[in-house]
Amino acid sequence: GGAAPRPTLDIADIFRRHGEDAHARFKFSPEQRLVMRHIIECRTAALGGHLERCSCCEFHRPAYNSCRDRHCPKCQATRQAQWLELRLERVLPVPHYHIVFTLPGLLRPLAKRLPRTVYEILFKAASKTLIEFGTDPKWLGAQLGITAVLHTWTRDLRQHPHLHCIVTAGGLDKDAQSWIRPRHAKILFPVHALAKAFRGKVLDAIANLEMPERQTANLVDDDVLKRLVDRLYRSRWVVYAKRPFATTEHVFAYLGRYTHRVAISNHRIIAIDDHTVHFATKDGKSQSLPCHEFIRRFLDH
């Protein structure tokens with residue numbers, strides 16, 4: 001038990017020392033600049049605050065206000081708890097599966113140019129795929145419950161858009177009167193079949209992008225768009241499935257780790273010097289990046 005110790009290194013320090021150099025190199029958008037400013041000012045005198053004073057002794061200390069930016073690594077704990085409390089009222093007391101839908105590498109440049117459009121396509125394609133498989137009597141013949149969370153990063157902050165889906169192990173029949181369990185305990189649906197259906201829905205949406213979006217994505221030429229879609233049909237699409245969670249408590253614990261998170265927390269920062277950020281990645285490994293490249297990758301998300 002007990003709270004984790006407060007990290008000694010802070011992403012805000014990297015922004016203060018190297019943010020302007022990174023902006024000169026990469027020309028960040030106004031939105032990215034605003035996020036950087038919020039993180040720099042979070043819990044500092046720049047945002048104001050109050051004085052905490054002990055009623056039993058003379059101890060006192062300043063308590064500065066938070067920026068409350070959704071990308072700030074210091075500001076997500078409270079919102080995460082509030083979000084989870086709302087989910088507690090909706091998550092059913094049944095086992096749940098964890099299914100991940102990943103956009104292929106060829107679509108990542110498009111996602112950077114049209115993030116709102118592409119991520120909306122990702123959410124719709126994944127949820128429709130799961131719902132169609134669920135309602136099909138061949139697979140289940142029931143209405144599923146689904147919670148989906150978007151992540152756009154890898155542990156080393158590269159772009160990797162993927163959707164984490166928590167899916168009920170079973171669902172309600174068409175009359176909503178009885179619960180239908182899946183035929184197999186280990187898997188809900190075969191991932192290869194899910195991947196094909198998911199691919200078809202995403203590529204149908206890409207092929208039918210409206211002209212303003214096609215112009216932004218440099219896909220005005222019909223032949224260029226067709227070649228892209230054809231290549232994507234031939235590429236490997238990944239849908240990953242884990243075994244179901246044992247209890248609803250496991251679901252809540254998992255959701256707590258995967259919601260209201262930013263690409264990297266302060267706890268993962270190992271060292272900062274005049275040129276490099278050294279940070280933890282996965283399985284005890286770590287990576288070093290030039291400070292400006294670290295900032296660029298962070299602000300990409």
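Per-chain numbering applies: the sequence of each chain, read as written, is numbered from 1 onward. Restriction of local features to residues with pLDDT of at least 70 applies here, the model being predicted, together with a cutoff of 80 or more for giving and counting side-chain atom pairs; totals for whole chains, interfaces and linings are based on all residues. Side-chain descriptors were evaluated using all non-hydrogen atoms of the structure, hydrogens and water having been removed beforehand.

Next up on the list: the sheet that holds strand S5 (residues 159-168). When DSSP locates at least two bridges between a pair of strands, those strands are taken to pair. Each helix is a run of DSSP H or I of at least 4 residues and each strand a run of E of at least 2, with the numbering of both proceeding from the N terminus. Pairing in this open sheet of 4 strands is antiparallel, and the strands run S4-S5-S3-S8 from one edge to the other. A single partner strand is all that each edge strand has here, and the edge strands are strand S4 (146-153) and strand S8 (238-245). Strand-to-strand, the axes of this sheet are offset by a mean angle of 20 degrees, without reference to chain direction. Pairing between strand S3 (residues 96-102) and S5: 7 bridges, direction antiparallel. Between N-to-C directions, angles cover 0 to 180 degrees, with each direction set by a line fitted to C-alpha atoms, over the stretch in contact for helices.

Turning our attention to a positive patch on the surface. A cluster of basic side chains, namely Arg 155, Lys 242, Arg 261 and Lys 282, defines a positive patch on the protein surface. Here Arg 155 shows up in the loop between S4 and S5. Here's how the labels work: a residue is buried when its accessible area is under 20% of the maximum for its type, exposed when over 50%, partly exposed in between, all with a 1.4 Å probe on protein chains only. What makes Arg 155 partly exposed here is its relative accessible area of 34%. Like-charged residues are merged into a patch within 9 Å and nonpolar side chains (Val, Leu, Ile, Met, Phe, Trp, Tyr) within 5 Å, provided each residue has over 30% relative accessible area and no salt bridge. Working definition of accessibility: Shrake-Rupley area with a 1.4 Å probe, residue cover restricted to the visible protein chains. Should a side-chain nitrogen of Lys or Arg be within 4 Å of a carboxyl oxygen of Asp or Glu, the pair is scored as a salt bridge. Under this rule, positive means Lys or Arg and negative means Asp or Glu; His and the chain ends count for nothing. Taken as the charge location is NZ of Lys, CZ of Arg, CG of Asp or CD of Glu.

Within a regular strand, side chains alternate between the sheet's two faces. Summarising burial for S3: 7 of the 7 residues are buried, a large majority. In this sheet, S8 lies alongside S3 in antiparallel orientation, the contact comprising 6 bridges. Following the sheet pairing, Ile 99 is matched in S8 by Ala 241.

Looking now at the packing of helix H5 (residues 115-135) against helix H6 (residues 191-207). Where H5 meets H6, the closest approach of the two axes is 9 Å, and the angle between their N-to-C directions is 140 degrees. Judged by the angle between their axes, H5 and H6 are oblique. The interaxial crossing formed by H5 with H6 has right-handed handedness. Between H5 and H6, the residues in contact are Ile 121, Leu 122, Ala 125, Ala 126, Lys 128, Thr 129, Leu 130, Glu 132 and Phe 133 and Ala 193, Leu 194, Ala 197, Phe 198, Lys 201, Val 202, Ala 205 and Ile 206, respectively. Each angle receives one of four descriptions, namely roughly parallel if under 35 degrees, roughly antiparallel if over 145, roughly perpendicular if within 65 to 115, and oblique otherwise. Rotating anticlockwise by less than a right angle from the far helix to the near helix defines a left-handed crossing, while the corresponding clockwise rotation defines a right-handed one. Here, two residues are considered to be in contact whenever any of their heavy atoms come within 4.5 Å of each other.

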